[in-house]
Structure formats: structure tokens, C-alpha cells
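Each chain, written out:
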Amino acid sequence: MLFYSIMKRIVTLTTDFGIEDHYVGVMKGVILSINSEVNVVDITHNVDSHSIVPAAFIIKNSYKYFPKNTIHVVVIDPGVGSDRKAILVCFNNHFFIGPDNGVFSLIFQSTSNCEVYQLENEKYFLENISSTFHGRDIFSPAAAYLSKEVAPNDFGKKLTNPHTIELNEYTLEDTEIRGEVIYTDKFGNLVTNIPSNIVNKDSEITIGDKKIQGVSNYYSQVKAGKLLAIAGSSGYLEISINQGNAGDMFDKSKLNIIVRL
Amino acid sequence: MLFYSIMKRIVTLTTDFGIEDHYVGVMKGVILSINSEVNVVDITHNVDSHSIVPAAFIIKNSYKYFPKNTIHVVVIDPGVGSDRKAILVCFNNHFFIGPDNGVFSLIFQSTSNCEVYQLENEKYFLENISSTFHGRDIFSPAAAYLSKEVAPNDFGKKLTNPHTIELNEYTLEDTEIRGEVIYTDKFGNLVTNIPSNIVNKDSEITIGDKKIQGVSNYYSQVKAGKLLAIAGSSGYLEISINQGNAGDMFDKSKLNIIVRL
Amino acid sequence: MLFYSIMKRIVTLTTDFGIEDHYVGVMKGVILSINSEVNVVDITHNVDSHSIVPAAFIIKNSYKYFPKNTIHVVVIDPGVGSDRKAILVCFNNHFFIGPDNGVFSLIFQSTSNCEVYQLENEKYFLENISSTFHGRDIFSPAAAYLSKEVAPNDFGKKLTNPHTIELNEYTLEDTEIRGEVIYTDKFGNLVTNIPSNIVNKDSEITIGDKKIQGVSNYYSQVKAGKLLAIAGSSGYLEISINQGNAGDMFDKSKLNIIVRL
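Since the model is a prediction, treat every value here as computed from it, not as a measurement.

Concerning the interface of chain C and chain B
Here is step 1: The interface of chain C with chain B comprises 36 residues on the first partner and 34 residues on the second.
Here is step 2: Between chain C and chain B, the buried area comes to about 2,800 Å², and carbon and sulfur atoms account for 57% of it.
Here is step 3: Joining chain C to chain B, the criterion identifies 0 salt bridges.
Here is step 4: For the interface between chain C and chain B, the tally reads 13 residue pairs in polar contact (both at pLDDT 80 or more).

So, the interface of chain B and chain A
Here is step 1: In this complex, chain B contributes 37 residues to the contact, which on the side of chain A involves 34 residues.
Here is step 2: Taken together, the links from chain B to chain A amount to 0 salt bridges.
Here is step 3: Counting across the chain B and chain A interface gives 13 residue pairs in polar contact (both at pLDDT 80 or more).
Here is step 4: Secondary structure elements with two or more residues in the side of chain B that touches chain A: α1 (2-6), β2 (39-44), α3 (52-60), β8 (176-184) and β12 (227-231) of chain B.

Comments concerning the confidence of the model for chain A
Residue and element names in this part refer to chain A.
Here is step 1: Per-residue pLDDT for chain A has a mean of 94; in total, 97% of the residues score no lower than 70.
Here is step 2: Every residue in residues 1-6 is under pLDDT 50, and counting partners more than four places away or in other chains gives 13 contacts.
Here is step 3: In the model output, the complex is listed with pTM 0.96 alongside ipTM 0.95.

As for the packing of aromatic side chains
Here is step 1: One pass over the full model with this rule turns up 33 aromatic pairs over all chains.
Here is step 2: Centre to centre, the rings of Y23 of chain B and F133 of chain B are 5.3 Å apart; their planes meet at 70°, and the pair counts as edge-to-face. Placement of Y23 of chain B in helix α2 (residues 23-34) and of F133 of chain B in the loop between β6 (115-118) and α5 (134-147) is noted, with a sequence separation of 110 residues between them. Side by side, Y23 of chain B and F133 of chain B carry an identical accessibility label, which is buried.
Here is step 3: Through successive ring pairs, a cluster of aromatic residues spans F17, Y23 and F133 of chain A together with F187 of chain B.
Here is step 4: Taking the ring centre of F187 of chain C as reference, the NZ or CZ of K186 of chain C above it sits at 4.4 Å.

Here's the deal with the pairing of strand β10 (residues 204-207) of chain A
Residues and elements named next belong to chain A.
Here is step 1: One ladder, built from 4 bridges, connects β10 with strand β14 (residues 256-260); its direction is antiparallel. Note on β14: the bridge partner recorded for T206 is I258.
Here is step 2: Inspection of the sheet shows β10 paired to strand β11 (residues 210-213) by 4 bridges, in the antiparallel sense. Bridging across to β11, I205 finds its partner in I212.

What about the pattern of salt bridges?
Here is step 1: The tally for this structure, following the rule as stated, stands at 29 salt bridges over all chains.
Here is step 2: It is possible to trace a salt-bridge network through shared partners that takes in E176, R178, E204, K211 and R260 of chain A.

A few points about the relation of the copies chain C and chain B
A rotation about some axis, followed by a shift along it, carries one copy of the chain onto the other.
Here is step 1: With an RMSD of 0.0 Å, chain C superimposes on chain B once it is rotated by 120° and translated 0.0 Å along the axis. Viewed as a symmetry operation, the transformation between the two copies matches a three-fold axis.

Observations concerning the sheet that holds strand β3 (residues 71-75) of chain C
Hydrogen bonds along the backbone pair up the strands of a sheet, which may run parallel or antiparallel.
Residues and elements named next belong to chain C.
Here is step 1: The 6 strands lie next to each other as β2-β1-β3-β5-β4-β6, forming an open sheet whose pairing is mixed. Either end of the sheet is taken by a strand with one partner, and the two such strands are β2 (39-44) and β6 (115-118). Each adjacent strand pair in this sheet contributes to an overall mean axis angle of 20°, direction not counted.
Here is step 2: In terms of strand pairing, strand β1 (residues 10-15) meets β2 through 5 bridges, oriented parallel. Within β2, the residue paired with L13 across the bridge is D42.
Here is step 3: Contacts between helix α2 (residues 23-34) and the sheet are confined to β1, β2 and β3, with β1 contributing the most and set at about 155° to the helix.

Examining the environment of G29 of chain A
Residues and elements named next belong to chain A.
Here is step 1: Relative to the helices and strands, G29 resides in helix α2 (residues 23-34).
Here is step 2: For G29, a relative accessible area of 0% gives the class buried.
Here is step 3: A sequence separation of 101 residues divides G29 from S130, and the C-alpha atoms of the two residues are 17 Å apart.

What counts as what
- Residues numbered from 1 in each chain as written.
- Chains lettered and ligands numbered in written order.
- Predicted model: local features only at pLDDT ≥ 70, side-chain atom pairs only at ≥ 80, totals over all residues.
- Heavy atoms only, no water.
- Contact = heavy atoms within 4.5 Å.
- Buried area = accessible area lost by both parts, 1.4 Å probe.
- Salt bridge = Lys/Arg side-chain N within 4 Å of Asp/Glu carboxyl O.
- Polar contact = N/O pair within 3.5 Å; in protein donor to acceptor, adjacent residues only side chain to side chain.
- Helix = DSSP H or I, 4+ residues; strand = E, 2+ residues; numbered from the N terminus.
- pLDDT = per-residue confidence, 0-100.
- Phe/Tyr/Trp six-rings, centres within 6.5 Å; stacked < 30°, edge-to-face > 60°.
- Buried < 20%, exposed > 50% of the residue type's maximum accessible area, 1.4 Å probe, protein only.
- Lys NZ or Arg CZ within 6 Å of the ring centre and 35° of its normal.
- Pairing = 2+ DSSP bridges.
- Least-squares fit on C-alpha atoms with pLDDT ≥ 70 in both.
- Axes fitted to C-alpha atoms, helices over the stretch in contact; angles between N-to-C directions.

Written as C-alpha cells, this is what we have:
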């Protein structure tokens, strides 16, 4: 029993539900009703509504900082109630639960070891399934039962072809890397798809119609309000403004990054 | 002792305090200072400032997803510091703590079994009571002491006439149901006061100056951007836009819903 | 072991990271990976970006409501990655961790008992240190190791001159107190730097070009929409509008308060 307490499982939540309503609280209630010994941790509930790509980025850059056996619930689910599948992804003792709509694409991309199971066994659903809130009715109960050591293949059969979405990759030609912005954070930091370890410290970087000379070591190396490039905390080149918001400076819909090595 | 750990009580928080300030954190500090073995769970802190009706809706639609013995603290409290009472509501082993201003009206409406006690015993208050933050000084300590098995009638005497607010109910005449919007969520889903189980699948629904033919089974049954009616997750008919925001489409202050059966 | 469980340490988080991204979730993952028996509590993540003064106000007005031995992590860190130091502040069994940029100024001001240590020992850092996210790489691990009883002086050497920022104090001359607004909360309550216990109940208060006669006992003592002065929950005189937003009424950049006693 004591052992059990110390092995307390973590369930993380990543959704686009926002924090204005009771939806996230209700998910926690459902989880704790099934297993009161779970530690529920919010990653974020403010993913842009129905936006699968940023959620894919967020969960890929979050899961590795949690202990093994953590269960990550991701509910960005524009197809809720339709025949899109619900899945459990197991990978090297990390667990992911959510809709089969591509939100785990970057997990699949990073390994060939994923096992994917459908969530089909109604024994592990809430009794009444709504057609609008599977976060409450299917995904939260699945996480809670998994935390109680229900075996993955008890939830349903294996799925060999989970849905994936194509994300553009950077290109490298001669002395030029071409990439794009894949994520913009709250500070307006523009995260590119270019790994920072392939960029030279003194490269010239072009973003939209602006040029940046070299990669800074830290934000305050340039004056407040000035644009800079920096090796971001996710391992990618980022474009920022020291104490300002680079995201507000550009039209992000068509923003190319060119690094001249 | 171990038993105690496994019986860890949940305290939920629903407020209009927002998340910009330290108010919610301080409430958690007060609770954990009195009983470190409580699991504090946020429902939401973004109820519109001083808005009792949406808070009443939120707590009514949340509490049943939490285990019995959960203590729900609701602080929407425009009358803080005045002579409005502070109360503890007990109902079938669910517990509610907050101001006596109608925020528990929908709990009272749903049962005749509520026992209501005033929070009067200063032994269970913080030492210095401010006139602006009873969430910290009275409601949080009450929740923490209740979680330590202080008996409800130790907090104060019974209250037989707690404050309630009148909420409009739908009307049913011949083949027409008339209702209104009682809650709008972050996605712009308009929750009506019409139970979805009294609406036919092929009813014509009029909302403001728009007409909707039939009730959808799931959002993506209609095209992105299209208006639809759906059985919502709280048991009421909801009006939504697939991957859009129905709340932005209407003036919600005077929005009638008519269902032609 | 059981004892240990009951002594579960609290780590609080105060940042300007916002709640849109995974940054806060990742900090919690790092902490729980090092010590799964920590109770992580959010104070706020919505301090204005790079704003040290409101963060100093928030942590000073929060820490005392948490049990002793709580560890408060404060990451408002515009100088991240530069040579600004990282510190641990110990004061009467309260612990504070963050950048040495003045964010703990109000803690230092309130006591002469603070011991300050630099966070230098890389044994207690994550393996790879980014130059943009010390909240994840240095401050969270420090909090987690401290919660596991690593001794303060194991993290690094003592620092005798931590960075402090000067905050204006009120002045008292004859029968006039002059102060200013030091914090504005979500409700638009304007918190001044004037202790409410030196203000008479019937003082005339001037704020900007408005005059208020006397200090109210509670918000709803004046009509909805009316300006009032009140003894706030932090011990300071506050200017508010009953059920309204006083912050929206004034240009806060240069707002003087005069109390005529």
C-alpha cells in the first residue's frame, strides 16, 4: 500500500478546452473518481481551438520531462462524436491517450517503437457517452483505468495505421537551410523547424524581410526591442525580440526562414 | 494513517478571481496549511466577475463527476464584507461552501435533501478577517477544517431559507418548446435550458433569426463554419458552429430558442 | 516512509510564462521526475512579461499563507542566459528560488534574517542547460533537490549582496500621506503602498483627479459603479469600483494618492 502511494501515477492533460469552463475540472473529477491516487498535472488547456499541429508540438516537447509511466491525455478533438477512433499509444513506458487525428504524429515520427491500441472496450468508458465531450466520457476514464494497471490490450485491438499529419521539414542545400515557423509561444518567440545544432553561430538568418546577423547566446545580449536568433529550449532555432514580441512583427501564415551558413 | 492517505479529501475551487493574481494560490496555501493531506482541484477561476448565474450552472454540472465527500468551494462574492451570510451546504455526502447569494440555487432546485449551515464559528476562520477576501479568510479555512472531519453543525446554526435566484425554465406548449441560452462556453457553444431528451431528432429549431433543421449527432456532421443543434454534454440542447463560434454570431442578451417538435 | 508522505513538501510556482504553452507543465515534470512526493501549487503564471515589481509584490503577499518549509520558485527572468546569478533565499524556514534580479526585494526588505546562496553546483542542474529556459533547467531542479533535503550551502556559496530594486515608499507629512499604486489586480482594484492601518476611516482620499470621502467597510457599501477606498486584503489601502474596474478609469503610469487625515 505504501509502495503504491510512492508509485503514484501522473496523468497530464493537454487540451483546447480553455480555463473559462468546468470541462477541465470535470475531467479531473472523473479521473480521481476512478483512481484517487493519481497526480493530475496540466500541461496546457489553451491550445488554439481545434489546432492539431501546435498540440503535436507541445506533447512532443513535454513528455520527455515527465517520469516514465506518466500517462499523457491530449484532447484536441474537432471530430468528437464522429467515427474517428480513440487511441492509446505506448512507447518505451510513456503513454498517450487521445483522438486518432494526427495529434501524436511527432511521437510516431520520433520512434518506430510505438504500439497503438484502440479504445473500444466500453467497460472503461463512462456509462453515458455524449457526442461532444469524449475528454470526459472516454479519454479521462481510459487514463484512470490505465493508471490502475489495466493492460493496454484490454482497451481494444491493435491499430497498425494510426492517422498522421505531414509536417514540413527544413531543407539543406549547399550552404543554405530553408525552414519555417512551426510554433509561436506566449512571449512571441517564433520556433522554427531548424535544429539549432546545425546552424553556425555567425550565420546570416533571413526571416520574412528582416535579416539577423549571427545567433545570440542569450536574449539580453541585444538591446531591448531588438530582433535576434537564439538556440531555443526545444532544440530548434528561434527568432525573438529581447523583452518584446517577435510574433507580432510578422505575418506568420507565410513566413520563411533562410539560414546562410 | 495509511488509510487516511487513501481517503485524501478533494477540495474544488470555482471563483471569479482570475489567474493573474495570487488570490487562488493564497487560498491553496491556507487550505494546505490547515490540512496538508487535501487534494485541491481547480474547476475554474474565470467565471465572469460577480456573475452568479454561470457559477450556479458550472457547479451544478461539475459536482456529480467528483467522488462523494468532495468539498466544493465557490467564491463569486460581490457582497463580500457586507452582512450576506457564508454557508455550508450538505447534500447526499456532497459538500458546498460559499456566500449565501444564490450561487447554489441549482443545487437546491435539484433536491429537497440539502442541509444548510451558516459559517459563524470564528474558531474556523483565519485570525484576521479582511472585508474583501473571504475566499482566503473564511471559505478556504472552512473547507480545510471540514476536510479534517469538523462536523457541519460545528460551523454554525442551520439556515432554513438560503438565498436563491430564479432562473427561467423552458415552456412546452402543444408542439413548441420555448427556451433560452443559459450558458456560453469558451468554444461559443450556446447551452440552452431545454433538456435534449425532449427534443426530436428532426425538430426545426429557431435561434434568433436563424433556423436549424434537425439535431446533429456530432459537430463534424455539418461542414466547418455551419450552425448546428446538438445534444450537449450537460444534458441540454446546445447551438454550435462546427469548428467555429456560435456565441459570436448572436446578441446573447435576448436570445430565444424555439423548438418545433 | 509514512511520515515522509505526511511531510510532503510544497513547491509553489510564480512566473510570467503564461498558460498557453507547455513551459509550466514541463517545470512540473522536471520537479516530479526528481521528487515525485512534491505537491506543486501554482501561484500565478500571468505576471506581465518581464515585470519584476508585480512579481515581488505577489510573492511577498503569498508566501506567508503557505506552511513553513514551502519552496517558492519565482521565474521572471528577462536576463536568462546572461551572467545574472541564480539564487536560493532562506528566511525563517521559508525558501525562495529564482534569478538574482530583484524579484525578492520585498522579502529582503521585510527582514534582516535572509540567507542567500548562489545556485552554482551543476550536480543539481539538468544535464543540458539551455540559454532561454532556466525555469526548467536550473530553478525547477533546485526546488526539487531542496525538497529532498539537499542543504542550502550544497547548491553554492553565500551571496552577501543580492540584487535589490528600489520601490517607492509612501511619505507622511503633517496630516497628509502621499503614496502611489503598486499593483493592479484582475478586478481593477488599485493597491497602494499606504498601509490601511495608518488611514482614518473618514479621511479624504485623492486619486488622480478624483476625490473619495472616507474609507468603506465593504465594496457594496457604495452603489454598483461607484468609486471607493477600502482596506485591502494585503494590508494596504486600495481604490476600487463596486462591481466595476477602477484600473480602467485611470492612467496608472503616474497616479498619485493623497490621503488627508
